[in-house]
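Chain and residue survey
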Amino acid sequence: MQTSKGMLVAIALSALACNALAQPVEIGGPPNIIFHRTNPHFEAGNPPAGSAGVITPAITYHGGPIMATPAAYLIWYGNWNQSNGSDTPAGQKIVTDFLFGLKGSPYYATNASYSGVSANFTVGGAYADNYSQGVNLTDRKVASIVSNAIGAGKLPKDGNGIYFVLTSSDVNETSGFCTRYCGWHTYGTVAGTNIKYSFVGNANRCLNACSMQTTGPNGNAGVDGMVSVIAHELEETQTDPNLNAWYDSSGYENADKCAWTFGQSLSQTSGGAFYNMTLATPAGGTRPFLIQRELDANSLCYVNYVTKAQ
Ligand SMILES: [Zn+2]
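Calculation criteria
In this numbering scheme, every chain counts its residues from 1 along its sequence in written order. A pLDDT threshold of at least 70 governs which residues receive local features in this predicted model, and a stricter bar of 80 or more applies before side-chain atom pairs are shown or counted, although totals over entire chains, interfaces and linings include all residues. Values reported for side chains reflect all heavy atoms of the structure, with hydrogen atoms and water molecules removed beforehand. Any two strands between which DSSP finds at least two bridges are classified as paired. Helix numbers and strand numbers start at the N terminus; a helix is a DSSP run of H or I with at least 4 residues, a strand a run of E with at least 2. Here the term cavity refers to a set of points on a 1 Å grid, laid over the protein atoms alone, in which a 1.4 Å probe fits but cannot get out; the term pocket refers to an open set having protein on both sides within 12 Å along at least five of seven lines, with lining residues being those that place an atom within 4 Å of a point. Grid points are joined across faces, edges and corners, and a volume is the space filled by probe spheres set on the points. Residues were grouped as follows: Ala, Val, Leu, Ile, Met, Phe, Trp, Tyr, Cys and Pro as nonpolar; Asp, Glu, Lys and Arg as charged; and all remaining residues, including Gly, as polar. For each residue, the accessible area found with a 1.4 Å probe, counting protein chains only, is set against the maximum for its type, and the residue is called buried under 20%, exposed over 50%, and partly exposed in between. The definition of a nonpolar core used throughout is a set of buried Ala, Val, Leu, Ile, Met, Phe, Trp, Tyr and Cys residues joined through side-chain atoms within 4.5 Å. Contacts are assigned to residue pairs with any non-hydrogen atoms lying within 4.5 Å of each other. With its strands directed away from the observer, a crossover is right-handed exactly when the path from the first strand over the helix to the second travels clockwise. Our working definition of a disulfide is a cysteine sulfur pair at a distance within 2.5 Å.

1. What about the pairing of strand 14 (residues 286–289)?
The pairing of strand 13 (residues 277–280) with strand 14 spans 4 bridges and is antiparallel. The residue bridging T278 from the neighbouring strand is P288, located in strand 14. As consecutive antiparallel partners, strand 13 and strand 14 are separated by 5 residues, and within that stretch G284 has a phi angle of approximately 95°, a positive value.

Spelled out as structure tokens, the structure:
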């Protein structure tokens, strides 16, 4: 289940108490994190369509800033240079192709229904971190991965950025990856700048919790599962970067309200994997993806905001 904002505050306060005894850190914020909960109804071969009506309680605006057209930064954590499995250069290409096709797509146009938010973003750079914090990450270690990448000049310090920590499948996040959540986003301060960042774990660790199927439309079940979580965290960070803009009375952000639903019209690859959209690739082709629906400002979940397919 989604953790409420009140519980998150309590968790954050207890963490701050611990941090007072720990070494000084460059980044503030975690673990005031917003979870993308695990799949509550995994049934391989049967992705749920989801309701075609308004998702209640309605999402409302709470006055905080939004991100109009952010820059996404990718931190490939662990070892993404395996020759087989999910953690491969081909797996990385699924992610970068996905982000290329996502921006400005009929699916992501849903985001432009929030005042001031665009359907676009840029990809600002990428960096590989070779296990600098080990294989058992805490929320604090994820923060360190981001602040260290910025501090070392590997990625720019960008207050309009969203830094994604994408882990290889041998890496755990001990606050609840695969048991409570599949990813999360939050913010913190790095050298005086408000930095938004997100953890997205490798779904190959737990396909029944963090994917909708055991195969992927691009032949990589783990990464094909991750990209839906990346879309989720990107949508939420744009509309609620400081956790004080768009969320409902239960503390659910926009993507939470459509999580693990995929629309009325699914297709299958020759390999049997489901997908609900095809997106353009930089090479001029297309790729199929199974991506959760996205909530608009009127609390309706969409797969395609141009045809209004729910
Ligand atoms: Zn979420």
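2. Description of the layout of surface pockets
Looking at the largest pocket, its volume works out to about 190 Å³. Among the residues making up the lining of the largest pocket, the classes are represented as 8 nonpolar, 8 polar and no charged.

3. Side note on the environment of D296
Structurally, D296 can be placed in the loop between strand 15 (294–295) and strand 16 (301–302). Judged by its relative accessible area of 1%, D296 falls in the buried class. Between the alpha carbons of D296 and A255 there is a distance of 9.3 Å; along the sequence they are 41 residues apart.

4. Remarks on the nonpolar core
Counting 66 residues, the largest nonpolar core has V95, F98, L99, F164 and L166 as its most contacted members. With 8 residues, helix 5 (residues 221–239) is the largest single contributor of residues to this core. Aside from chain neighbours lying at most four places away, what touches V95 is L74, W76, L166, V223, V227 and I230. Formed by 10 residues, the second largest nonpolar core is a distinct cluster that contains I59, Y114, V117 and C258.

5. A closer look at the pairing of strand 4 (residues 122–129)
Sheet topology note: the strand 3 (residues 71–77)/strand 4 ladder contains 7 bridges and is parallel. Bridged to A72 within strand 4 is V123. Following the chain from strand 3 across helix 2 (residues 89–102) to the adjacent parallel strand 4, one finds a crossover that is right-handed.

6. Some points on the state of the cysteines
Tallied over the entire structure, the rule returns 3 disulfides. Here C178 is linked by a disulfide to C206, with a sulfur-sulfur distance of 2.0 Å. On the sign convention where negative is left-handed, the bridge of C178 and C206, at about -75° about the S-S bond, is left-handed. Within this pair, whereas C178 is found in the loop between strand 7 (172–173) and strand 8 (181–190), its partner C206 is found in the loop between strand 9 (193–200) and helix 4 (207–210), the two being separated by 28 residues in sequence.

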